[in-house]
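# Residue-level structural notes
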Amino acid sequence: MTEKYAEPLIGVDRYAVLGNPIAHSKSPLIHAEFAKQTNQNITYEAVLAPLDGFEATVRDLIKQGYKGANVTVPFKFEAYKICDSLSARVVSSGSGAVNTLTFLNNGKIHGDNTDGVGLRNDIVQNLGFSIVNKHILILGAGGAAHGILNSLVGASSIVIANRTHERALELVMGIQDCEARASTFESLEKPYDLIVNATSAGLTDTALPVPDIIFSKSSLAYEMMYGRETPFMTQARANGAQVADGLGMLVEQAAEAFYIWRGVRPQTAPVIAQLRNA
Ligand code: ATR
């Protein structure tokens, strides 16, 4: 994390990730690797935005000539609000959240969200798991769950289970292109092909009250968090499911942001491997 912004360098395009907290962010490392791979002359740093000063921090970056920024917790909804234009996928998702800002030459801000495509690319390309015609269970109905719904195109059915049932019901109403229903954790009663944990329960090592029956040997259990073995992952593993954490999604959402800004697609596999070994 930089306390002071990087010195302006001639011919170098500057980017940043804004969050609070931000010191833990792996994004500067990921984007530095992408830049090295693709010979892009950029800098990318982590910037701590005050909780009540997100927009002011963005405006300051624009004034200094930055070309864009990623946005992480807790600012994705505020980021949406300050955009002058939005990508089609942000509009159609209805999630009201943005994680990639592009600062246009005319001073305007364009917003996109690469979380959904990041999850899909990790599941389909890296883990080799097809989503098409699959029965999908999403645990959680907060911002993270909302942000990935539009990436599950082709699924046969989606069930959303959440501690607070009303939030699950609300999310289900927005799903048009496949069969969808809301559930409680406890009343789940069959195995699913793909189970995504989009709750933040893992942060506090809390187990979700989901029955073992939701996992089978052919299930993929996907934890959106990374960096620790959560009770969800342990339970899925114990029931024979294939288990993945969100590290691949992190790198894939970054690759999509890099593509938006630079027009080149970096290779993600070496970067995922590097972070795993670190
Ligand atoms: P995020 O942006 O990470 O999704 P959020 O919008 O606050 O954050 O949503 C957190 C999600 O994790 C919600 O689905 C929340 O359940 P509620 O809607 O009932 O609050 C879920 N969650 C957090 N802690 C949990 C816990 N200990 N057990 C079960 N669900 C939990």
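Because the structure is a prediction, the values reported are computed rather than measured.

## What about the overall build of the chain?
Counting secondary structure elements, the chain contains 10 helices and 12 strands. For 278 residues, the compact-globule formula gives about 19 Å, and the C-alpha radius of gyration of the chain, at 19 Å, lands near that figure. In terms of overall dimensions, the chain has a C-alpha envelope of 60 × 40 × 30 Å along the principal axes. When the 278 residues of the chain are sorted by exposure, 50% land in the buried category. Only carbon and sulfur atoms are counted for the fraction: they give 53% of the accessible area of the chain, which is about 12900 Å². A gap of 4 Å separates the mean positions of the 23 positive and 27 negative side-chain charges of the chain.

## Overview of the site of the ligand
The environment of the ligand is formed by 15 residues, the closest being Ala144, Asn162, Arg163, Thr164 and Arg167. Arg163 places a polar side-chain atom, nitrogen or oxygen, 2.9 Å from an oxygen atom of the ligand. A distance of 3.1 Å separates an oxygen atom of the ligand from a polar atom in the backbone of Ser200. Its residues placed into classes, the shell around the ligand shows 5 nonpolar, 8 polar and 2 charged.

## Re the sheet that holds strand β1 (residues 13-19)
The sheet built from 6 strands is open, its strands ordered β2-β1-β3-β5-β6-β4 with mixed pairing. The sheet terminates laterally at β2 (42-48) and β4 (85-86), the two strands that pair on one side only. Pairing between strand β5 (residues 100-103) and strand β6 (residues 109-112): 4 bridges, direction antiparallel. From the neighbouring strand, Thr100 faces β6, where its bridge partner is Asp112. Those strands touched by helix α9 (residues 247-262) are β1, β2, β3 (68-71), β5 and β6, and its axis lies near 15 degrees from that of β5.

## As for the packing of aromatic side chains
Tallying each qualifying case throughout the model produces 5 aromatic pairs. Where Tyr15 meets Trp261, the ring centres are 4.5 Å apart and the plane angle is 25 degrees; that geometry is what we call stacked. Of this pair, Tyr15 sits in strand β1 while Trp261 sits in helix α9, and the two are 246 residues apart along the sequence. One exposure class covers both Tyr15 and Trp261, and it is buried. Arranged with centres 4.9 Å apart and planes meeting at 20 degrees, the rings of Phe54 and Phe75 form a pair that is stacked. Separated by 21 residues along the polypeptide, Phe54 in helix α2 (residues 54-63) and Phe75 in the loop between β3 and α3 (76-81) bring together distant segments of the chain. Each member of the pair, Phe54 together with Phe75, is buried. Connected via pairs of aromatic rings, a cluster forms that spans Tyr15, Tyr44 and Trp261. Its end group placed over the ring of Phe129, Lys134 keeps NZ or CZ at 4.4 Å from the ring centre. Here the guanidinium or amino end of Arg265 rests over the ring plane of Tyr259, the centre of that ring lying 3.8 Å away.

Rules of the game
- Residues numbered from 1 in each chain as written.
- Predicted model: local features only at pLDDT ≥ 70, side-chain atom pairs only at ≥ 80, totals over all residues.
- Heavy atoms only, no water.
- Helix = DSSP H or I, 4+ residues; strand = E, 2+ residues; numbered from the N terminus.
- Rg over C-alpha atoms; globule rule 2.2 N^0.38 Å.
- Buried < 20%, exposed > 50% of the residue type's maximum accessible area, 1.4 Å probe, protein only.
- Areas by Shrake-Rupley, 256 points an atom, 1.4 Å probe, with all protein chains shown as cover.
- Lys, Arg positive; Asp, Glu negative; His and termini not counted.
- Charge placed at Lys NZ, Arg CZ, Asp CG, Glu CD.
- Near = heavy atom within 4 Å.
- Polar contact = N/O pair within 3.5 Å; in protein donor to acceptor, adjacent residues only side chain to side chain.
- Nonpolar A, V, L, I, M, F, W, Y, C, P; charged D, E, K, R; others polar.
- Pairing = 2+ DSSP bridges.
- Contact = heavy atoms within 4.5 Å.
- Axes fitted to C-alpha atoms, helices over the stretch in contact; angles between N-to-C directions.
- Phe/Tyr/Trp six-rings, centres within 6.5 Å; stacked < 30°, edge-to-face > 60°.
- Lys NZ or Arg CZ within 6 Å of the ring centre and 35° of its normal.

In short, shape yes, function no, at least from these values alone.
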